[in-house]
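Geometric and topological summary
Residue strings, one per chain:
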Amino acid sequence: MDSLNAFRNLLRSHGELMIAALAELDDHQALSAPNPSAAWIAAHLHECLSEVQALVCGSRPTEDTPPLEDLVWLQQVQTLEQRCLDLNDALSRLCEKDLDHEPAGGLEQDLGKGSPSRREVLAGHVGHMGWHLGQLARIRSQLGLTAMPGWS
């Protein structure tokens, strides 16, 4: 399997886990958890997925929804899910060689030094999503829920 498909599979599975874990929370739980809250994680990843798509695919997702914070919790989760699907769709239009190029836009200074490849940006984002999945598992445990849906 080439690395592009591996990244797509990892991001898809991370996204599915994230959405399932967030969707089980109610409005109060999403906001009441310790810092960062589940709501903050959802909003943060929503923006990060847009940035990754811009850097790796050269296009931003179409913004056809109000700002995330203006939506009720379940709509926020659904919007994040759509953002995950949008990135997967955009990645499906790339080939393996595209990952060897520099990012399509400038990186924020705190995202890396030098000239990382698009492959390195994707690898970093996979790890970034994994970090936030761990935070969400901790939040869910602190709320008295299973760490992740389906875990016993």
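Keep in mind that what you see is a predicted model, and the values were worked out from it rather than measured. (Residues numbered from 1 in each chain as written. Predicted model: local features only at pLDDT ≥ 70, side-chain atom pairs only at ≥ 80, totals over all residues. Heavy atoms only, no water.)

It is worth spelling out the overall build of the protein chain at this point. When its secondary structure is counted, the protein chain shows five helices and zero strands. Taken from the N to the C terminus, the helices and strands of the protein chain come in the order α-α-α-α-α. Against the globule reference of 15 Å for 152 residues, the protein chain gives a C-alpha radius of gyration of 16 Å, in line with a compact fold. With the principal axes as the frame, the protein chain shows a C-alpha extent of 45 × 35 × 25 Å. Residues classed as buried in the protein chain amount to 43% of the 152 residues present. For the protein chain, long-range pairs separated by at least 24 residues make up 69% of all intrachain contacts whose partners lie at least 6 apart in sequence. Entry remark: accessible area of the protein chain is about 8,200 Å², with carbon and sulfur atoms responsible for 53%. Both charge centroids of the protein chain, one from 11 positive and one from 21 negative side chains, sit 6 Å from each other. (Helix = DSSP H or I, 4+ residues; strand = E, 2+ residues; numbered from the N terminus. Rg over C-alpha atoms; globule rule 2.2 N^0.38 Å. Buried < 20%, exposed > 50% of the residue type's maximum accessible area, 1.4 Å probe, protein only. Contact = heavy atoms within 4.5 Å. Areas by Shrake-Rupley, 256 points an atom, 1.4 Å probe, with all protein chains shown as cover. Lys, Arg positive; Asp, Glu negative; His and termini not counted. Charge placed at Lys NZ, Arg CZ, Asp CG, Glu CD.)

The subject of this paragraph is the packing of helix 3 (residues 38-57) against helix 5 (residues 118-142). In the contact formed by helix 3 and helix 5, the axes pass within 11 Å of each other and the chain directions differ by 170°. Taken together, the axes of helix 3 and helix 5 are roughly antiparallel relative to one another. Of the residues in helix 5, those in contact with Ala38, Trp40, Ile41, His44, Leu45, Cys48, Leu49, Val52, Leu55 and Val56 of helix 3 are Arg118, Val121, Leu122, His125, His128, Met129, His132, Gln135, Leu136 and Ile139. (Axes fitted to C-alpha atoms, helices over the stretch in contact; angles between N-to-C directions. Parallel < 35°, antiparallel > 145°, perpendicular 65-115°, else oblique.)

As a further point, take the confidence of the model for the protein chain. The share of residues in the protein chain with pLDDT of 70 or more is 92%, and the mean pLDDT across the chain is 89. Confidence scores differ between elements of the protein chain, with helix 2 (residues 27-32) showing the lowest mean pLDDT of 90 and helix 1 (residues 3-23) the highest of 95. (pLDDT = per-residue confidence, 0-100.)

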